[in-house]
Amino acid sequence: MTIRPIPLATWPTPLEPAPRLAQELGIEQLWIKRDDLSGLGGGGNKVRKLQYTCAQAVEAGANRIVTTGAPQSNHARLTAAAAARIGLDCTLVLTGNAPETPRGNLLLDDLAGARIVWAGDQPLDQVAAQQEGYVIPFGGTSAFSAQGYVDCAQEILHQLPDLDAVVVAVGSGGTMAGLVAHLGSTRVYGVDTGAVPDPVSIISGLLDQMGTPTGNLRIDREQVGAGYATLTDSVRAALKLAARTEGLFLDPTYTGRAMAGLCANPPRGNVVFLHTGGLPGLFGHPAFSGS
Ligand SMILES: *Cc1c(COP(=O)(O)O)cnc(C)c1O
């Protein structure tokens, strides 16, 4: 049975040159792949994966989709938006307890009509399994949905045939897995965000299931700092640098870390920075939202 992805945005996303940032970092050519502009729900990398996971949910006859995440999960926000777009109900199971004031992504989850279940300190998967509806995995990542980033890798090669390197934030791993499946492991530079304890084994596992040899995965684990929800000085500097050279806004959890990784170890040649979205998270981050 072949399940065809449900279109949720307009493709391809733009590939834009970033000459002032390139000069600042001493990179020959730097391009920004604007997956933050992937139409639906404020955009971001989760849209490409949701095209696949939502197709599976519809195929399974679901009326409601359920997914899990951190309170500022971009995946949760985009799942709520995708559910609205295709006419399904949505339940989001989030870690911890309801904050006094919903900010950032949480505000958007509510606008999109999602039902939010706070898991406290219970395991998210367990609470999700107790909900009625079709469960989309953490981060929307599976070997099937990673195909969304095989699609993206094809787009990039079409836009930039002599690509040398892609730099991308790593959370649940599906985005990097899809890129590696199509581009090979030597051209993809992942920057870990601390969302999962062992990203290498998760991505290797996904690639195995996709039937692609893993090779030697390149993952920078130096940008996590004191943990997923924290802000490091190098990430703060990276947010400012991107904004002040290119008018490009990044988020403190994912793209800010990826940019900090790019600044620390700039690859050579034709380099693509994958902008995976996430800006609403800036407005929900304790270091920025004043909470
Ligand atoms: C989820 C997310 C990522 C990481 O993608 P994964 O496929 O989960 O590794 C990167 N950037 C942003 C903004 C995200 O929301």
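What counts, and at which threshold
- Residues numbered from 1 in each chain as written.
- Predicted model: local features only at pLDDT ≥ 70, side-chain atom pairs only at ≥ 80, totals over all residues.
- Heavy atoms only, no water.
- Pairing = 2+ DSSP bridges.
- Helix = DSSP H or I, 4+ residues; strand = E, 2+ residues; numbered from the N terminus.
- Axes fitted to C-alpha atoms, helices over the stretch in contact; angles between N-to-C directions.
- Contact = heavy atoms within 4.5 Å.
- Near = heavy atom within 4 Å.
- Polar contact = N/O pair within 3.5 Å; in protein donor to acceptor, adjacent residues only side chain to side chain.
- Nonpolar A, V, L, I, M, F, W, Y, C, P; charged D, E, K, R; others polar.
- Domains from an automatic or database assignment.
- Buried area = accessible area lost by both parts, 1.4 Å probe.
- Salt bridge = Lys/Arg side-chain N within 4 Å of Asp/Glu carboxyl O.

Caption draft 1: Spatial organisation of the sheet that holds strand S8 (residues 188-192). Pairing in this open sheet of six strands is mixed, and the strands run S1-S2-S10-S7-S8-S9 from one edge to the other. The open sheet terminates on both sides in strands that have one partner only, identified here as strand S1 (15-17) and strand S9 (218-220). The mean inter-strand angle of the sheet, taken between neighbouring strand axes irrespective of direction, is 30 degrees. For strand S7 (residues 165-170) and strand S10 (residues 270-275), the ladder comprises three bridges, and the chain directions are parallel. Within S10, the position partnered with Ala-165 by the bridge is Val-271. With respect to the sheet, helix H10 (residues 255-264) is in contact with strand S2 (29-34), S7, S8, S9 and S10, its orientation differing from that of S10 by roughly 160 degrees.

Caption draft 2: Broad picture of the site of the ligand. Residues in close proximity to the ligand total 16 residues, the closest being Lys-46, Lys-49, Ser-172, Thr-175 and Thr-276. With respect to the ligand, the side chain of Thr-175 contributes an N or O atom lying 2.6 Å from an oxygen atom. When the residues that make up the shell around the ligand are grouped by side-chain class, the tally is three nonpolar, eleven polar and two charged.

Caption draft 3: Here's a closer look at the sheet that holds strand S5 (residues 115-118). If you trace the four strands from one edge of the open sheet to the other, you get S5-S4-S3-S6, paired in parallel fashion. Unpaired on one side and paired on the other, S5 and strand S6 (134-135) mark the two borders of the sheet. The pairing of strand S4 (residues 89-94) with S5 spans four bridges and is parallel. The partner of Leu-94 across the bridge, within S5, is Trp-118. The sheet strands contacting helix H3 (residues 74-86) are strand S3 (64-69) and S4, and the helix crosses S4 at an angle near 170 degrees.

Caption draft 4: Region of the structure containing the domain arrangement of the protein chain. Split by domain assignment, the protein chain resolves into domain 1 (15-44 + 142-289) and domain 2 (46-139). The C-alpha centroid of domain 2 is placed 23 Å from the C-alpha centroid of domain 1. The interface is formed by 30 residues belonging to domain 1 together with 22 residues belonging to domain 2. Roughly 2,100 Å² is buried in total at the junction of domain 1 and domain 2, and carbon and sulfur atoms are behind 60% of that figure. The largest share of the area that domain 1 buries against domain 2 comes from Leu-40, Phe-144 and Pro-280, three residues that together contribute 27% of it. Across the contact surface, domain 1 and domain 2 share two salt bridges. Between Asp-35 and Arg-48 there is a salt bridge, with its nearest N and O atoms 2.7 Å apart. In this structure, the connection of domain 1 to domain 2 is made through seven residue pairs in polar contact (both at pLDDT 80 or more). Contributing elements (two or more residues each) for the side of domain 1 that touches domain 2: helix H6 (147-159) and helix H7 (174-183). Across the side of domain 1 that touches domain 2, the residue classes tally to ten nonpolar, 16 polar and four charged.

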